[in-house]
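# Descriptive structure summary
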Amino acid sequence: MIPAHHPDDALLAGYAAGTLDEVTGLVVATHLALCPACRNAVALFEAVGGALLDDVEPAPMAPDALPAVMARLDREDAGGRLPAADARPDGAPESVPALPRPLRDYVGGDLDAVRWKRLIRGVDLYDIPVGSTGGGRIKARLMRIKGGVAVPQHTHEGIELTLVLAGGFSDASGHYRRGDLACSDAEVDHRPVADEGADCVCVTLTDAPLRLTGPLMRLLNPFVRF
Ligand SMILES: [Zn+2]
């Protein structure tokens, strides 16, 4: 199944140029693992970037530059900055991992390795250990929402990216399934509801705490931090 909702060109170009922060790069890389169209777009951005570099006057190279570049290429081959496709069509055998490669490396296993923490009834969270992220402000989390459950209404003080890994959810902006990336900003006050019948698992990126806006949830705000 090809995702229907993609990162915008700025994110894909930033990924190709290597200018994204680690968390954003991880979310985009996870989408790429599930989306051949965006893998092609990134390859194109990389080709364009390379052509632009070719036009730059050559500068003298340090004697160790070539071995360093070759070593880096080896690492990228092994680690796979551009992950191979391992998309799982719905209903595929269990043996195909739910977490695509770049994410699995951070989590240290597939979904069954995740140590969930209960946020509220029907919603569990897991903080993904990410290294260098602008003073820790940008957070990556896995969120598991029980089928049919609504995440409390909230707005964002920063950008939120939500990438669906299993199941699906709907909010005012549309319906999202595995591989789909939802983008929300401070303007959006939304209330995602997981599809009936299966847990929805997402990876989310926030660069500021979410503010809960429902009538009851406002009271909880000092106590509940997403
Ligand atoms: Zn895509």
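Our subject in this report is the structure included herewith.

Here is what the cut-offs are and how they apply
- The residue numbering used here restarts from 1 in each chain and proceeds along that chain's sequence as written.
- Predicted model: local features are reported for residues with pLDDT of at least 70 only, side-chain atom pairs are reported and counted for 80 or more only, and whole-chain, interface and lining totals are derived from all residues.
- Derived side-chain values reflect all non-hydrogen atoms in the structure, with water molecules and hydrogen atoms excluded from consideration.
- When a carboxyl oxygen of Asp or Glu is within 4 Å of a side-chain nitrogen of Lys or Arg, the pair counts as a salt bridge.
- Burial classes follow relative accessibility: with a 1.4 Å probe on protein chains only, a residue under 20% of its type's maximum area counts as buried, one over 50% as exposed, and anything between as partly exposed.
- Where helices and strands are cited, they refer to DSSP runs of H or I of at least four residues and of E of at least two residues respectively, numbered from the N terminus.
- The donor set covers N, O and S atoms within 2.8 Å of the metal, switching to 3.2 Å for Na, K and Ca, and it leaves out water, so a site may look short of donors.
- Under the classification used here, a metal with four donors is tetrahedral if each angle lies between 85 and 135 degrees, square planar if opposite donors are over 155 degrees apart and the others between 65 and 115, a six-donor metal meeting that same test is octahedral, and anything else is irregular.
- Two strands are said to pair when DSSP picks up at least two bridges between them.
- Residues are called lining when one of their atoms sits within 4 Å of a cavity or pocket point, these points coming from a 1 Å grid over the protein atoms alone, where a cavity is a set in which a 1.4 Å probe fits but cannot get out and a pocket is an open set with protein on both sides within 12 Å along at least five of seven lines.
- Grid points are joined across faces, edges and corners, and a volume is the space filled by probe spheres set on the points.
- Residues are grouped as follows: Ala, Val, Leu, Ile, Met, Phe, Trp, Tyr, Cys and Pro are nonpolar; Asp, Glu, Lys and Arg are charged; every other residue, Gly included, is polar.

## Things to note about the pattern of salt bridges
Applying the stated criterion to the full structure yields four salt bridges. Measuring nitrogen to oxygen at the nearest pair gives 2.9 Å for the salt bridge that ties Arg-118 to Asp-124. The exposure class of Arg-118 is exposed, given its relative accessible area of 58%. Relative accessible area serves as the criterion here: at 8%, Asp-124 is assigned to the buried category. Taking the shortest distance from any N to any O, the salt bridge between Asp-127 and Arg-141 comes out at 2.5 Å. On the criterion of sequence distance, the pair formed by Asp-127 in strand 2 (residues 123-127) and Arg-141 in strand 3 (residues 139-145) is long-range, its members being 14 residues apart. One continuous salt-bridge network, built from bridges that share partners, spans Arg-118, Asp-124 and Arg-144.

## A closer look at the coordination of the zinc ion
All of the protein donors around the zinc ion are His-6 (ND1), His-31 (NE2), Cys-35 (SG) and Cys-38 (SG); their distances to the metal are 2.0 to 2.3 Å. Of note is the zinc ion, whose four donor atoms meet at the metal with angles of 101 to 118 degrees in an arrangement that counts as tetrahedral. The sequence pattern formed by the donor residues of the zinc ion is H-x24-H-x3-C-x2-C. One end of the pair, His-6, is in the segment before helix 1 (9-17); the other, Cys-38, is in helix 3 (residues 36-54), with 32 residues separating them in the sequence.

## Describing the pairing of strand 5 (residues 160-166)
With seven of its seven residues buried, strand 5 lies for the most part within the structure. In the sheet, strand 5 pairs with strand 8 (residues 181-184) via four bridges, with the strands oriented antiparallel. The residue of strand 8 that forms the bridge with Leu-163 is Leu-181.

## What about empty space enclosed by the protein?
Under the defined criterion, the tally for this structure stands at two cavities of 30 Å³ or more. The computed volume of the largest cavity comes to approximately 90 Å³. Lining the largest cavity are 11 residues; nearest its centre among them are Met-143, Glu-160, Thr-162, Pro-192 and Thr-204. For the lining of the largest cavity, the elements supplying multiple residues, two or more each, are strand 3, strand 5 and strand 11 (200-206). A per-class count over the lining of the largest cavity returns six nonpolar, four polar and one charged.

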